[in-house]
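Chain by chain, the residues run as shown.
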Amino acid sequence: MGMSNVASVGIVTPQTAHFSEPLALKSGAVLPAFDLVYETYGTLNAERSNVILVCHALSGTHHVAGNYSEEDKYPGWWDNIVGSGRPLDTDKFFIIGVNNLGGCHGSTGPASIDPTTQQPWGSRFPVVTVEDWVAAQARLADKLGIQTFAAVMGGSLGGMQALQWTLSFPDRVRHALVIAAAPNLTAQNIAFNEVARQAIITDPEFHNGDFYAHSVVPRRGLRLARMLGHITYLSDDAMGEKFGRKLKHDAVKYSFDVEFEMESYLRYQGDKFAGEFDANTYLRMTRALDYYDPAAQYNGDLSAALAKAKAQFLVISFTSDWRFSPARSREIVKALLENERTVSYAELTAAHGHDAFLMPDPQYHAIVNAYMQRVAGEIV
Amino acid sequence: MNTKTSNFAQTVLERSDFAVIARWIKPKTKVLDLGCGDGALLGYLRDTLQVSGYGIENDDANVLACIKNGINVVQMNLEDGLSGFEAQSFDVVILSQTLQAVYQTERIVQEMLRVGKEVIVTFPNFGYWRHRLNILGGNMPMSKSLPHQWYNTPNVHMCTIHDFDEFCASHGIRISERLVMTNGNKISWLPNVFGSLAMYRFEPR
């Protein structure tokens, strides 16, 4: 890719799609109607065959790339990979980012108003699953007249959605990029999620999920949940390199205030998150992670579960990612190999832990870029 | 690990063993190439025999080259074994000019026999006369098949055809076919002296 024409997508504007047909969820609950907020980058071709769906992870949103204004300092969460001359090249592809159902950035979620009660859904908002998100995303694709995606991709929980797309709609996905993901969560991962949920649920201001009526937010719980999450997204080495034992002040104060830079970082991240994320959404996103297990209905046989996938796959993991370790990605690769699917697997040497999937590592981006060139070459 | 990094088409031209390997493989079979480099052999087998091919490669640049070339590649270290692969899950497992660059030779050959219904191994013959002359002249061998200097070679376990025959015999490996070549020509007379490239086919276990 030429350095000269590499560019951000610039100023973007989200859109909202309303769906008035009820959506039956995996839990058995039915959402009578819902909205999905989404963004698009690049130009849809006449055949509608150049579409990439980018699925977001736990705290991600539809705002994948670009900025909302000239003054907006923070671009979308995966801006480094989307744009003219970037791996997800907006000169070739039409890229869609969508906020998942149950989210808190515009799509229908626990903080949305339930039309039947005219109150926020709160605790009554159903538990949503990866399968439900994919079903809702398919509704959006239908509405936009997109029959088949050139590629569906995502990292972490987003990678699980990309995988699920190939199972829920095998004929609608040509390529799946499953990055820093796993075929299900380990017990340790579920344990981390449970601690995060308990932090929220036991916060006195959670009010069993109906805190909106009390005009409060369970900030302490959200803050702790996010601090814990951040520890697990980074590697020991990355933390050591970034913070080490650096002190906030010249000398220790023998107190429980912020003494170390590490503490300062965690508190900052926790506070920031608590000010902008919905506690009920956090509970549901982590639950969707816990529940996801496509092999469960095949007695744990992932090969059998993936037999229906027809897509071609690129699977990527990062060596220092201990939350979604390379071994978990290799399970996906093994199951695809056993089904003789077209699959490539890159295990990238990276220091950043789980967060590496968001970083612009040269080898990582070169791999995605090379793969996407092939995807682009197949577009008619 | 393999260090073939040359341009894809160039590699096909340079590798006289590819055509022989292709003759030993049935069309539309499932093939695993260990240390697949830039994927040139798999590309050749895909184009000529429509095989369902997968490569194993550990080097970042080679993995990237495979993806550029549209070759299925799995990034992993051969030295870790093939524990992710089921027994007899491939029709053919190939170790093409990589044997001499692996540390755990015995383990990898056993793993190939476990995973593959058939196994093909090719390696540069250290007993080739030019190599013998090099040593007589007081230097480590260098040739078309051994292009590296002693100080930068990826090769750690060089062997002669005679050595490898003994290895197979002592490890209970039955050789179903052996072909020795130099510059693309078959060598029948004194292969351990006149052959630069040895190619073996093992009988299934």
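Keep in mind the model is a prediction, meaning the values are calculated, not measured.

Brief notes about the side chain of A:Thr61
Residue and element names in this part refer to chain A. Note that threonine 61 resides in the loop between β5 (51-55) and β6 (82-83). Classification of threonine 61 by relative accessible area gives buried; the value is 11%. A distance of 2.8 Å separates a polar atom in the side chain of threonine 61 from the backbone nitrogen of histidine 63. Beyond its immediate sequence surroundings of up to four residues, threonine 61 is in contact with His56, Trp77, Val98, Asn99 and His105.

Focus on the packing of aromatic side chains
Under the counting rule described, the total for this entry stands at 25 aromatic pairs over all chains. On the basis of an interplanar angle of 45 degrees and a centroid distance of 5.1 Å, the ring pair of A:Trp165 and A:Phe169 is categorised as tilted. Taking relative accessible area as the criterion, A:Phe169 reaches 24% and is therefore assigned partly exposed. Summarising the aromatic geometry, the rings of B:Tyr54 and B:Phe90 are spaced 6.1 Å apart at their centres and angled 75 degrees between planes, so their arrangement reads as edge-to-face. Of this pair, B:Tyr54 sits in strand β2 (residues 52-57) while B:Phe90 sits in strand β4 (residues 90-96), placing them 36 residues apart in sequence. Judged by relative accessible area, which is 1%, B:Phe90 ranks as buried.

Section: the interface of chain A and chain B
In many reports, interface size means the accessible area that the parts give up when they come together. If you look at the interface, chain A gives 20 residues, while chain B gives 18 residues. Carbon and sulfur atoms supply 56% of the area that chain A and chain B bury against each other, a total of about 1700 Å² over both sides. Note that B:Glu86 is salt-bridged to A:Lys334, the shortest N-O span being 2.7 Å. At the junction of chain A and chain B, the tally comes to 12 residue pairs in polar contact (both at pLDDT 80 or more). Put simply, the parts of the chain that give the side of chain A that touches chain B at least two residues each are α9 (326-338), β14 (343-348) and α10 (362-378) of chain A. Grouping the amino acids of the side of chain A that touches chain B by side-chain chemistry returns 11 nonpolar, 3 polar and 6 charged.

Here we look at the pattern of salt bridges
All names here are of chain A. Taken as a whole, this structure holds 22 salt bridges over all chains when the rule is applied. In this structure, aspartate 257 engages lysine 253 in a salt bridge whose closest nitrogen and oxygen atoms are separated by 3.9 Å. Note on lysine 253: relative accessible area 42%, which makes it partly exposed.

Looking at the confidence of the model for chain B
All names here are of chain B. Counting all residues, the mean pLDDT for chain B is 91, and 93% of those residues have values of 70 or more. Low pLDDT, under 50, characterises residues 1-6; the predicted model gives this stretch 28 contacts beyond four residues in sequence or across chains. Both scores are available for the predicted complex, with the pTM at 0.94 and the ipTM at 0.93.

Looking at the pairing of strand β8 (residues 94-98) of chain A
Residues and elements named next belong to chain A. In terms of residue burial, β8 counts as a mostly covered element, since 5 of its 5 residues are buried. The side-chain alternation of β8 yields two buried faces, one formed by Phe94, Ile96 and Val98 and the other by Ile95 and Gly97. Bridge count between strand β4 (residues 34-41) and β8: 4 bridges; the pairing is antiparallel. Among the inter-strand pairings, threonine 40 is bridged to a residue of β8, identified as isoleucine 96. As defined by bridge partners, β5 adjoins β8 across 4 bridges and the pair is classed as parallel. Residue pairing in the sheet places isoleucine 52 in a bridge with isoleucine 95 of β8.

What counts and what doesn't
- Residues numbered from 1 in each chain as written.
- Chains lettered and ligands numbered in written order.
- Predicted model: local features only at pLDDT ≥ 70, side-chain atom pairs only at ≥ 80, totals over all residues.
- Heavy atoms only, no water.
- Helix = DSSP H or I, 4+ residues; strand = E, 2+ residues; numbered from the N terminus.
- Buried < 20%, exposed > 50% of the residue type's maximum accessible area, 1.4 Å probe, protein only.
- Polar contact = N/O pair within 3.5 Å; in protein donor to acceptor, adjacent residues only side chain to side chain.
- Contact = heavy atoms within 4.5 Å.
- Phe/Tyr/Trp six-rings, centres within 6.5 Å; stacked < 30°, edge-to-face > 60°.
- Buried area = accessible area lost by both parts, 1.4 Å probe.
- Salt bridge = Lys/Arg side-chain N within 4 Å of Asp/Glu carboxyl O.
- Nonpolar A, V, L, I, M, F, W, Y, C, P; charged D, E, K, R; others polar.
- pLDDT = per-residue confidence, 0-100.
- Pairing = 2+ DSSP bridges.

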